[in-house]
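Letter by letter, the chains look like this.
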Amino acid sequence: MPPMMTDTIEIRPTGAALGAEVLGVDLRRLDDTLFERIHQAWLEHSVLLYRGQTLADSDLIGFSRRFGELDIAPVQETGRRFVEGLPEIYVVSNVLGADGAPIGSLGAGEAVWHTDMSYLPQPPKMSLLYALEVPPEGGETGFTSMYGAYDALPPDLEALAATLQIKHDGTYNSGGYLRQGVTPTDDPRISPGAVHPLVCTHPETGRRNLYLGRRRNAYLIGLDLAESEALLDRLWHYATQAALSWYNDWQIGDLVLWDNRCTMHRRNAFPAESRRIMHRTQVRGQAQPAA
């Protein structure tokens with residue numbers, strides 16, 4: 001099958017603070033010139049949507065690897081990995097298998113605003129999520145710009161934020177489930193997790209952004225707990241403004257890829273009796289560079 005011609009691609013911004021749809025591309029057929037346009041569009045818009053894709057897991061892995069080395073999917077609340085022989089694939093699903101065990105993770109409930117796996121010292125730089133089955137209603141995924149959150153800070157808060165570090169909690173995942181092998185605690189001063197700069201400089205774009213992770217059990221290093229909580233509440237007020245977000249209403253065959261270094265994302269709940277199956281890969285990152 002010959003590579004696609006590079007003059008057929010269209011990059012259509014969402015009109016929101018972030019995100020663009022890429023049209024006229026079959027991700028199984030990319031030449032280097034077309035991929036470079038896609039890569040630059042991803043850096044510019046932070047989130048890219050491709051509709052109508054037909055991807056086997058090997059195709060998803062192959063496309064993802066063009067952005068860098070892939071992470072191995074984490075063991076989540078069920079204590080298992082999900083795709084035999086393909087450790088790069090993580091299944092996000094509420095569906096139960098024939099044995100009554102979940103075939104994936106995160107269920108059908110709301111997933112709060114978060115950045116993927118920021119509880120690690122070197123979190124993934126990119127996540128790619130591919131829709132195999134979607135519910136008739138609910139389950140939309142929202143994204144918010146952490147560039148925009150930083151730019152929205154008033155001068156006093158901007159100056160203070162640049163001096164602080166934040167612990168990203170590793171106790172619970174974005175669905176509220178306890179992570180495998182972790183002893184639960186709700187004291188953020190002693191919970192497990194990595195410490196990152198609160199304000200980072202994106203290593204490819206050079207832009208500054210907030211790096212918050214998720215709200216639950218977050219802690220600003222060196223502050224009294226009450227002071228940390230109050231300041232985090234103030235930061236999250238700016239970070240989760242509706243004006244900074246865009247939502248994808250999923251269709252089967254959608255692939256969405258986002259930059260974990262400068263976005264957060266969340267998921268709306270959907271009816272538990274509906275089926276939702278997504279396959280995710282992640283591109284390995286590095287320690288977050290301070291501003």
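Residues numbered from 1 in each chain as written. Predicted model: local features only at pLDDT ≥ 70, side-chain atom pairs only at ≥ 80, totals over all residues. Heavy atoms only, no water.

This brings us to the sheet that holds strand β7 (residues 126–133). Consider a sheet: its strands pair through backbone hydrogen bonds, and that pairing is either parallel or antiparallel. If you walk across this open sheet you meet the eight strands as β1-β2-β3-β15-β7-β17-β4-β5, and the pairing is mixed. The outermost strands of the open sheet, each flanked by one partner alone, are β1 (10–13) and β5 (105–106). Across two bridges, the pairing between strand β4 (residues 90–93) and β5 is parallel. Bridge assignment links S93 to a residue of β5, and that residue is L106. Across the sheet, helix α1 (residues 32–45) is in contact with β1, β2 (20–23), β3 (47–50), β7 and β15 (255–259); its angle to β3 comes to roughly 130°. Most of the contacts of helix α2 (residues 57–65) go to strand β17 (residues 277–283), to which it runs at about 30°, and overall it touches β3, β7, β15 and β17. (Pairing = 2+ DSSP bridges. Helix = DSSP H or I, 4+ residues; strand = E, 2+ residues; numbered from the N terminus. Contact = heavy atoms within 4.5 Å. Axes fitted to C-alpha atoms, helices over the stretch in contact; angles between N-to-C directions.)

Attention now moves to the sheet that holds strand β13 (residues 219–220). Spatial strand order, β10-β9-β13: three strands in an open sheet with antiparallel pairing. Single-partner strands in this sheet number two, and they are β10 (193–197) and β13. In terms of strand pairing, strand β9 (residues 165–169) meets β10 through five bridges, oriented antiparallel. Within the sheet, the bridge partner assigned to K167 lies in β10 and is V195.

Attention now moves to the pairing of β15. Extensive coverage of β15 is indicated by the burial of five of its five residues. Across the two faces of β15 the burial is the same, with L255, L257 and D259 and V256 and W258 all buried. Strand direction decides the pairing type here: β3 and β15, joined by four bridges, are antiparallel. Looking at β15, one finds that V47 is bridged to W258. Sheet topology note: the β7/β15 ladder contains five bridges and is antiparallel. Bridged to S127 within β15 is W258. (Buried < 20%, exposed > 50% of the residue type's maximum accessible area, 1.4 Å probe, protein only.)

Under the criterion given, the structure shown has seven aromatic pairs. On the basis of an interplanar angle of 65° and a centroid distance of 6.5 Å, the ring pair of W113 and Y247 is categorised as edge-to-face. Of this pair, W113 sits in strand β6 (residues 111–114) while Y247 sits in strand β14 (residues 245–248), placing them 134 residues apart in sequence. These aromatic residues form a ring-pair network of at least three members: F35, W42, Y50, F63 and F67. Directly above the aromatic system of Y147 lies the positively charged group of R207, at a separation of 4.0 Å from the ring centroid. For R216, the ring lying beneath its charged end belongs to Y172, and the centroid distance is 3.7 Å. (Phe/Tyr/Trp six-rings, centres within 6.5 Å; stacked < 30°, edge-to-face > 60°. Lys NZ or Arg CZ within 6 Å of the ring centre and 35° of its normal.)

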